[in-house]
There are 2 protein chains.
Amino acid sequence: MPGKTDLSELNCSLARSLDIVGDWWTLLIVRDAFLGVRRFGDFQRSLGIAKNILATRLDQLCADGILARGGTDKRPLYRLTDKGSGFLPAMVALMQWGDRWASGNKPPVIVTDAQGRPVKPVRLQGVRGDLDAQAIRFSPGPGATARTRAFFDETSSKSRVE
Amino acid sequence: MPGKTDLSELNCSLARSLDIVGDWWTLLIVRDAFLGVRRFGDFQRSLGIAKNILATRLDQLCADGILARGGTDKRPLYRLTDKGSGFLPAMVALMQWGDRWASGNKPPVIVTDAQGRPVKPVRLQGVRGDLDAQAIRFSPGPGATARTRAFFDETSSKSRVE
DNA sequence: CTGTATCCTTAAAGATACTG
DNA sequence: CAGTATCTTTAAGGATACAG
């Protein structure tokens, strides 16, 4: 993977997320953190990840403010920050998509509320209710670059022709 | 990246999702597809990706049933299938997380309904309303392996002690 | 237990040239 | 326009040994 693409250049919210949390191990570590894993060794055994890899990921996750170190210096605890906890909807949406579309088997993990009642499938909601892919639109936002605006102009003009 | 970790082994819904859609280019291609991009060349220019890389990703996305080829053989169109469209909640949740936590700038892309009304932040919903990270629980599902069950036993017993 | 420090290996990105 | 075919490079994973 030479010269790993600099996604931050792409001026895209998705790319910015992926830049932080968009590799396999990182996401899986976050998942484990949601499941209650706190210790270095527990992450390691749970994931079967090499120790040096885990160490760099944990460092990065702390640097990015997704995990915070607690406990003692010799025996740290890693726990989710608010930023990390805020990732829950995205993570569950990802899991649900996998359950729905990428699995012959039944889900290995069930997400419920504290009383064991099911969590509903994550949906997009507008002011008048649920929205699906046909019901939504994308448009250049306040942070859009000229390039992004040009992209939207071009894309929408094309869709008119097709 | 020698011997790219086989996530499917992990028996995790998240891992299964990541196995399919969990690399940078793939996600970004899917994003572009949601934005209305349909042509090989448009993907290429939009993403600045090498043609050989794009070709393999597009092939894989078709093989995985996320995109489907239309148009002519000489001039294919790539459009989202239902499986691909079903990824929308996850993608928007990822974008929203990036907007909220990984961005000093304002979002470059705004998601709205067809009337231009805003899409609400994606939230987890239980039977009684919104749920946050403290309000949810994970438990072994019907597809859980013995290993997964053991993991849950151990994790929950530890959290009692801490 | 929680890491560091090395070394090795290789999958995969990128560039480029070529084809129908 | 939409790829295929090579070739080269290199970032990053894995293993292992060692340290506080």
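Conventions used here
- Residues numbered from 1 in each chain as written.
- Chains lettered and ligands numbered in written order.
- Predicted model: local features only at pLDDT ≥ 70, side-chain atom pairs only at ≥ 80, totals over all residues.
- Heavy atoms only, no water.
- Contact = heavy atoms within 4.5 Å.
- Buried area = accessible area lost by both parts, 1.4 Å probe.
- Salt bridge = Lys/Arg side-chain N within 4 Å of Asp/Glu carboxyl O.
- Polar contact = N/O pair within 3.5 Å; in protein donor to acceptor, adjacent residues only side chain to side chain.
- Helix = DSSP H or I, 4+ residues; strand = E, 2+ residues; numbered from the N terminus.
- Least-squares fit on C-alpha atoms with pLDDT ≥ 70 in both.
- Pairing = 2+ DSSP bridges.
- 1 Å grid on protein atoms, 1.4 Å probe; cavity = no way out; pocket = protein on both sides within 12 Å on 5 of 7 lines; lining within 4 Å.
- Points joined across faces, edges and corners; volume = space filled by probe spheres on them.
- Nonpolar A, V, L, I, M, F, W, Y, C, P; charged D, E, K, R; others polar.

A.B. asks: Quick question: what am I supposed to make of the interface of chain B and chain A here?
C.D. replies: Interface size, as often reported, equals the accessible area lost upon joining of the parts. If you look at the interface, chain B gives 91 residues, while chain A gives 92 residues. With both sides pooled, the region where chain B packs onto chain A buries about 8,600 Å², and carbon together with sulfur makes up 70% of that total. Counting across the chain B and chain A interface gives 0 salt bridges. Counting across the chain B and chain A interface gives 26 residue pairs in polar contact (both at pLDDT 80 or more). No other element matches the 12 residues that helix 6 (residues 88–101) of chain B contributes to the side of chain B that touches chain A.

A.B. asks: Explain the relation of the copies chain B and chain A to me, please; I cannot follow it from the model alone.
C.D. replies: One copy of the chain maps onto the second through a rotation about an axis and a displacement along it. Mapping chain B onto chain A is achieved by rotating through 180 degrees and translating by 0.0 Å along the same axis, at an RMSD of 0.0 Å. Viewed as a symmetry operation, the transformation between the two copies matches a two-fold axis. Of the C-alpha atoms belonging to chain B, the one lying closest to the rotation axis is found on B:Ala90, 2.8 Å away. Comparing interface residues between copies, 100% of those in chain B also sit at the interface in chain A, which points to an isologous, same-surface contact.

A.B. asks: I tried to follow the pairing of strand 1 (residues 67–71) of chain B on my own but got confused; where do I start?
C.D. replies: Each regular strand carries side chains that alternate between the two faces of the sheet. All names here are of chain B. Strand direction decides the pairing type here: strand 1 and strand 2 (residues 76–80), joined by 5 bridges, are antiparallel. Note that in strand 2 the partner of glycine 70 across the bridge is leucine 77. Joining the antiparallel neighbours strand 1 and strand 2 is a turn of 4 residues.

A.B. asks: Whenever I open this one, the layout of surface pockets confuses me. Can you help?
C.D. replies: Think of a ball as big as a water molecule: rolled over the atoms, this probe shows where empty space is left. Taken as a whole, the largest pocket encloses approximately 700 Å³ of empty space. As for the largest pocket, its lining consists of 29 residues, of which A:Gln96, A:Arg100, A:Pro121, A:Val122 and B:Gly86 are closest to the centre. Elements represented by at least two residues in the lining of the largest pocket include exactly helix 6 (88–101) and strand 3 (109–113) of chain A together with helix 5 (82–85) and helix 6 of chain B. Among the elements that take part in the lining of the largest pocket, helix 6 of chain A stands out by supplying 8 residues, more than any other. Across the lining of the largest pocket, the residue classes tally to 20 nonpolar, 4 polar and 5 charged.

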